[in-house]
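So you can see what is in the structure, the chains are spelled out below.
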Amino acid sequence: MNRLAPAKNEGFAGFVLWSVAAFIVAVFAWLMADILIHGAAQISWDFLSTAPEKAGRRGGILPILVSTLLIMGVCLLAALPIALGTAILLAEFTPEKSAFGRMVRRALDVLAGVPSIVFGLFGNAFFSVYLGLGFSILSGGLTLACMILPLLIRTLEAGLRANPARDRLAAAALGLSYGASLRHILLPGAAPALLAGLLLGGGRAIAETAALVYTSGYVDRMPGSLLDSGRALSVHIFDLSMNVPGGDQNAYASALVLIVLLFIVNVTTAGIVSRWRKTGLAI
Amino acid sequence: MSTVPPLTDFVSTKIAPAKKQPVGLIETKNLSLFYGLKQVLQSVCLPIEAGKITAIVGPSGCGKTSLISTLNRLTDLIPDCRISGRVLFEGSDIHAPEVDVIQLRRRIGMIFQNPAPFPFSIKKNICFPLREHGIKDRKEQTERLETVLRDVGLWDEVKDRLTQNALTLSGGQQQRLCIARALALKPQVLLMDEPCAALDPLSSAVVEDLIAALKEHYTIVIVTHNLAQAKRISDATAFFWSQNGMGRLIEQGGTKQVFEAPQNALTAAYISGVRG
């Protein structure tokens, strides 16, 4: 018998534990089933490959998919290098208890807890108005980058710190430069943490609505460039279900697409990072 | 061991040549070491002769590991670590500003108590440091890979699984891989910090035989708790003792002399098992 499984005679406590677990699974299953039942019928190649019509009641979501992917792309391209740099600075060049390190970490932890709508307002004021990017995919992506940076940095920093000291010593004793040990030993060692950060951050970003309403806007046309406004899937779902009477069916279908997208992102990230871990990052 | 070229082939010109004939290949002069305010080594003057195995023995906490970590400047990595006195390698101060620490560590290799192979393949463990040191030629890499793995007696055990993760090897094999990895860079000196302490008796015996065999081509400094091992394999022995929390060199000399006719009462007591 599995020694982790509760014994049959645990009585009330066992019953409560199992009930809680069953409840959580049931809620998740209900949510997925609801979206599948209401959304699956609408999904077709046409839905994925045409533009929305009648404010989204009819037609598909192609421009919205494209905008979503562009916003995510901008977000990750902007966030990853900054997160890597900051995490390396914090984990490798800042003593854990130094005033500077503590200050940066405290600031990041506070930022990680800031509601996304505040990031939206900041993004609007800074990227859209002050930098003059307007309502655009660029503004939206950069705002999301700010939003997920604290999470990415903290997970990456933890991952780098978790590298065993003996690997650093062994690398130094072989006369390896810091850059070489970082590329081949320390960063691959932090890969699982990078994966966790990307999944959490990417998941948060792809499902984000509030921060995007103020920055990348509502326009559901196909974006011509990164400076065009573009509607993200989550904004589309919000708009269809709240502002468009008769938009519920397509809202469900869009939600299903969003979940599948999230799933694909998870699986590919996991694949890439596990490959990276095996072979080392070859630069 | 005939595959290893003679010592003179390894001498690079990156470190300034000797100004006068040194007593040893490596020599510490009044070397003191501090971690923050705490002094852990006091005025150590220790010559290490070329082509010999020098054993460093003494009880725990007497600064043995700290001492050998200064010889390849690995102590640079420890924050708050400060040294006074000098460490000469071929007569030149290794802390001089013009010394390239990467070249220094290439010439003075180090093996740790716990085997520390990198978490990738056996082959990459050896070839990646070579690449980083500018040996890009695949053919030469492969040759050195086979040579050093044969030198440490690992070739027949791993030749069919060179692409396997090095962490899947047994502890003794991992330690021999680490020695091979250090040898691949053709160092002059090998520093070994209790290389057998974390191994089972059988692996320990294999690694010990290997160390004895390496003496022919390398200068070896080995820290060991195991007095019997020091007696078996070393040519010279340096005995350290902790006084007021500070490590001091009590006695040094030929292994036979230190073990059979120690000059200092502390050495005699430690070696006979009365103290320590």
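**Considerations on the overall build of chain B**
Along the backbone of chain B there are 10 helices and 10 strands. Here chain B has a C-alpha radius of gyration of 19 Å; the compact-globule value for 276 residues is 19 Å, and the two agree. Across its three principal axes, chain B shows a C-alpha extent of roughly 55 × 45 × 35 Å. Among the 276 residues that make up chain B, the fraction classed as buried is 53%. Entry remark: accessible area of chain B is about 11900 Å², with carbon and sulfur atoms responsible for 51%. Once the 32 positive and 27 negative side-chain charges of chain B are each reduced to a mean point, those two points are 4 Å apart.

**A closer look at the side chain of Arg105(B)**
For Arg105(B), the position within the fold is in helix α2 (residues 101-107). Among buried Asp, Glu, Lys and Arg side chains, Arg105(B) stands out as unpaired, with Asp76(B) the closest opposite charge at 4.2 Å. At 3.0 Å, the side chain of Arg105(B) forms a polar contact with the backbone oxygen of Asn72(B). Those residues within four positions of Arg105(B) in sequence are excluded, and the remaining contacts are Ala172(A), Ala173(A), Gly175(A), Asn72(B), Arg73(B), Leu74(B), Asp76(B) and Leu77(B).

**As for the pairing of strand β6 (residues 108-111) of chain B**
Every other side chain in a regular strand lies on the same face of the sheet, so the side chains alternate between the two faces. Residues and elements named next belong to chain B. A two-sided burial pattern is seen for β6, the buried positions comprising Ile108 and Met110 on one face and Gly109 and Ile111 on the other. Where β6 and strand β7 (residues 189-193) come together, 4 bridges link them in parallel fashion. When the sheet's bridge partners are listed, Ile111 is paired in β7 with Met192.

**Quick notes on the pairing of strand β10 (residues 246-254) of chain B**
Of the strand pairs in this sheet, strand β9 (residues 236-243) of chain B and β10(B) are connected by 8 bridges, and their pairing is antiparallel. When the bridges of β10(B) are listed, Trp241(B) appears paired with Arg248(B).

**Points about the packing of aromatic side chains**
Counting across every chain of the model gives 11 aromatic pairs over all chains. With centroids separated by 5.6 Å and ring planes inclined at 10°, the aromatic side chains of Phe122(A) and Phe126(A) adopt a geometry described as stacked. Taken together, the residues Phe122(A) and Phe126(A), both in helix α5 (residues 116-130) and 4 residues apart, mark about one turn of the helix. You can call Phe122(A) partly exposed: its relative accessible area is 38%. A centroid spacing of 6.1 Å and a plane angle of 75° characterise the contact between Trp241(B) and Tyr270(B), whose relative ring orientation is edge-to-face. Of this pair, Trp241(B) sits in strand β9 while Tyr270(B) is found in helix α10 (residues 265-271), placing the two residues 29 residues apart along the sequence. Residue classification places Tyr270(B) among the buried positions, given a relative accessible area of 8%. The structure contains a cluster of three or more aromatic residues connected by ring pairs, namely Phe122(A), Phe126(A), Phe127(A) and Tyr130(A). Lying across the ring of Phe120(B), Lys124(B) places its NZ or CZ 4.3 Å from the centre.

**Digging into a nonpolar patch on the surface**
There is a patch of nonpolar side chains on the surface, built from Phe12(A), Phe15(A), Val16(A), Val20(A), Phe23(A), Ile24(A) and Val27(A) and spanning about 750 Å² of accessible area. Tracing the backbone through its elements, the reader meets Phe12(A) in helix α1 (residues 11-39).

**A look at the domain arrangement of chain A**
All names here are of chain A. Under the domain assignment used here, chain A contains domain 1 (4-42) and domain 2 (45-281). Computed from C-alpha coordinates alone, the two centres of domain 1 and domain 2 are separated by 30 Å. In total, domain 1 and domain 2 occlude about 740 Å² of area from one another, counting both sides; carbon and sulfur atoms represent 74% of this. On the surface where domain 1 and domain 2 come into contact, there are 0 salt bridges. Scanning the region where domain 1 abuts domain 2 turns up 2 residue pairs in polar contact (both at pLDDT 80 or more). When grouped by side-chain class, the residues that make up the side of domain 1 that touches domain 2 number 4 nonpolar, 3 polar and 1 charged.

**A word on empty space enclosed by the protein**
Following the criterion strictly, the structure yields 3 cavities of 30 Å³ or more and no others. In this structure, the largest cavity occupies an estimated 80 Å³ of space. When contributions to the lining of the largest cavity are tallied by element, the ones reaching two or more residues are α7 (165-173) of chain A together with β6 and α6 (171-184) of chain B. Considering every element that reaches the lining of the largest cavity, the biggest residue donor is α6(B), with 4 residues. Counted by class, the lining of the largest cavity contains 10 nonpolar, 2 polar and 1 charged residues.

Reading guide: rules and limits
Residues numbered from 1 in each chain as written. Chains lettered and ligands numbered in written order. Predicted model: local features only at pLDDT ≥ 70, side-chain atom pairs only at ≥ 80, totals over all residues. Heavy atoms only, no water. Helix = DSSP H or I, 4+ residues; strand = E, 2+ residues; numbered from the N terminus. Rg over C-alpha atoms; globule rule 2.2 N^0.38 Å. Buried < 20%, exposed > 50% of the residue type's maximum accessible area, 1.4 Å probe, protein only. Areas by Shrake-Rupley, 256 points an atom, 1.4 Å probe, with all protein chains shown as cover. Lys, Arg positive; Asp, Glu negative; His and termini not counted. Charge placed at Lys NZ, Arg CZ, Asp CG, Glu CD. Salt bridge = Lys/Arg side-chain N within 4 Å of Asp/Glu carboxyl O. Polar contact = N/O pair within 3.5 Å; in protein donor to acceptor, adjacent residues only side chain to side chain. Contact = heavy atoms within 4.5 Å. Pairing = 2+ DSSP bridges. Phe/Tyr/Trp six-rings, centres within 6.5 Å; stacked < 30°, edge-to-face > 60°. Lys NZ or Arg CZ within 6 Å of the ring centre and 35° of its normal. Patch = residues over 30% accessible without salt bridge, like charges linked within 9 Å, V, L, I, M, F, W, Y side chains within 5 Å. Domains from an automatic or database assignment. Buried area = accessible area lost by both parts, 1.4 Å probe. Nonpolar A, V, L, I, M, F, W, Y, C, P; charged D, E, K, R; others polar. 1 Å grid on protein atoms, 1.4 Å probe; cavity = no way out; pocket = protein on both sides within 12 Å on 5 of 7 lines; lining within 4 Å. Points joined across faces, edges and corners; volume = space filled by probe spheres on them.

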